[in-house]
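Architecture and fold: a report
Letter by letter, the chains look like this.
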Amino acid sequence: MAFTLPALPYAYDALEPNIDKQTMEIHHDKHHAGYVNNLNKAIAGTEYENMSLDDILKVAGKAGNAVRNNAGGHWNHTFFWEIMGPDGGGKPEGELAKAIDEAFGSFEAMKEKFNAAGAGRFGSGWAWLAVDNSGKLVVCSSPNQDNPLMDVAECACTPILGCDVWEHAYYLKYQNKRADYLNAFWNCVNWDKVAEHYKNAK
Ligand code: MN
């Protein structure tokens, strides 16, 4: 069973001016497509061929770098497209807003911590807002295409929000200014989707 590239759930220019159309085209049609194609190549004829993506993440550490990097790449990007949207931005509400206040003190404090995790990730990787094993919200980051669902995760937790801090995610518009991209990212967040992830993760 081969994996397939999901369509971007909105138009390529839907996140303008925060994330530009050309970046979205290349990011989805080339980078994400590449992870899907290379994942299919890496699992062909192996014990991973008929596993779900979530199950592959759980054994990523022993599956070899091609499976680990491309399974992570496919999962992370699918998740990333979904937690953004054309009517994004604003603030979380209800139970999620309360949980953020409890864990971080305030929404602004959580954003600061998340931005620091993204800006501080040396090289390529991801920043995450996630639910840990005790049900508490945490912020962490992971290198390359790893994520907190992998057996090799430094911070094992369930992501409810994530931001791609690879240069390919922002370089055309923001060049070396990763912090500016991270600030603009918040204008794209689909909080309804994040709240749904939070409810499922708890
Ligand atoms: Mn990416």
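Structure: see above.
Let us look at the structure shown here. (Residues numbered from 1 in each chain as written. Predicted model: local features only at pLDDT ≥ 70, side-chain atom pairs only at ≥ 80, totals over all residues. Heavy atoms only, no water.)

**Let's talk about the coordination of the manganese ion**
Test applied: Only nitrogen, oxygen and sulfur atoms count as donors, using a 2.8 Å cut-off from the metal that widens to 3.2 Å for Na, K and Ca. Water is left out, so coordination shells may look unfilled. The helix count covers DSSP runs of H or I at least four residues long, the strand count covers runs of E at least two residues long, and both are numbered beginning at the N terminus. Think of it in three bands: residues with accessible area under 20% of the maximum for their type are buried, residues over 50% are exposed, and the middle band is partly exposed, with areas taken using a 1.4 Å probe on protein chains only.
Taken together, His27 (NE2), His77 (NE2), Asp164 (OD) and His168 (NE2) make up the protein donors of the manganese ion, found 1.9 to 2.1 Å from the metal. Along the chain, the residues donating to the manganese ion are arranged with the sequence spacing H-x49-H-x86-D-x3-H. In this pair, His27 sits in helix H1 (residues 21-43) while Asp164 sits in strand S3 (residues 158-164), placing the two residues 137 residues apart along the sequence. Taking relative accessible area as the criterion, His27 reaches 1% and is therefore assigned buried. Using a relative accessible area of 0% as the deciding quantity, one classes Asp164 as buried.

**Here's the deal with the state of the cysteines**
Note the threshold: Sulfur atoms of two cysteines make up a disulfide when they are within 2.5 Å.
With the rule as written, the count across this model stands at one disulfide. Two residues share a disulfide in this structure: Cys140 and Cys155, whose sulfurs sit 2.5 Å from each other. On the sign convention where negative means left-handed, the S-S torsion of about -60° between Cys140 and Cys155 marks this disulfide as left-handed. Of the two residues, Cys140 is situated in strand S2 (residues 137-143) and Cys155 in the loop between S2 and S3; the sequence distance between them amounts to 15 residues. You can call Cys140 buried: its relative accessible area is 10%.

**Considering the packing of aromatic side chains**
Aromatic rings considered in pairs are described by the distance between their centres and by the relative angle of their planes. How we decide: Pairing of aromatic rings covers Phe, Tyr and Trp, the last counted by its six-membered ring, and requires centre-to-centre distances within 6.5 Å; plane angles under 30 degrees mean stacked, over 60 mean edge-to-face, and any other angle means tilted. Charge-over-ring contacts are defined here by two conditions on Lys NZ or Arg CZ: a distance within 6 Å of the ring centre and an angle within 35 degrees of the ring normal.
Per the counting criterion, the structure on display carries 15 aromatic pairs. Measuring from ring centre to ring centre gives 6.3 Å for Trp186 and Trp191, while their planes differ by 10°; the resulting arrangement is stacked. The two residues Trp186 and Trp191 agree in class, both being buried. Taken together, the ring pairs connect Trp75, Phe79, Phe80, Trp81, Phe107, Phe114, Trp126, Trp128, Phe185, Trp186 and Trp191 into an aromatic cluster. Over the aromatic face of Tyr174 sits the side chain of Lys173, whose NZ or CZ is 5.8 Å from the ring centroid.

**Observations regarding helix H8 (residues 191-201)**
Quick note on the threshold: Picture the helix axis, draw a direction to every C-beta atom, and the arc is the one those directions span. Working rule for contacts: check all heavy atoms of both residues, and any pair within 4.5 Å makes them a contact. Any N or O atom pair separated by 3.5 Å or less is treated as a polar contact, with the protein-specific requirement of one donor-capable and one acceptor-capable atom, and with residues adjacent in sequence counted only for side-chain atom pairs.
All of the buried residues in H8 are Trp191, Val194, His197 and Tyr198. Down the axis of H8, the smallest arc covering the buried residues is 115°, so these residues share one side. Exposed side of H8, more than 90 degrees from the buried face: Asp192, Lys199 and Asn200 are the residues found there. Elements in contact with the buried residues of H8: helix H3 (65-82), helix H4 (94-104), helix H5 (107-120), strand S1 (125-131), S2 and S3. Two or three places before Asp192, at the start of H8, stands the capping residue Asn190, its side-chain oxygen 3.2 Å from that residue's backbone nitrogen.

**What to know about the pattern of salt bridges**
Heads up, the rule is: By convention in these notes, a salt bridge is any Lys or Arg side-chain nitrogen within 4 Å of a carboxyl oxygen on Asp or Glu.
According to the stated counting rule, one finds six salt bridges in the structure shown. Asp146 is the salt-bridge partner of Arg68, the closest N and O atoms lying 2.7 Å from each other. Of this pair, Arg68 sits in helix H3 while Asp146 is found in the loop between S2 and S3, placing the two residues 78 residues apart along the sequence. Asp146 gets classed as buried once you look at its relative accessible area, which sits at 7%. Between Glu108 and Lys111 there is a salt bridge, with the nearest N and O atoms lying 3.8 Å from each other. Taken together, the positions of Glu108 and Lys111, both in helix H5 and three residues apart, correspond to about one turn of that helix. Look at Glu108 and you get partly exposed, because its relative accessible area is 45%.

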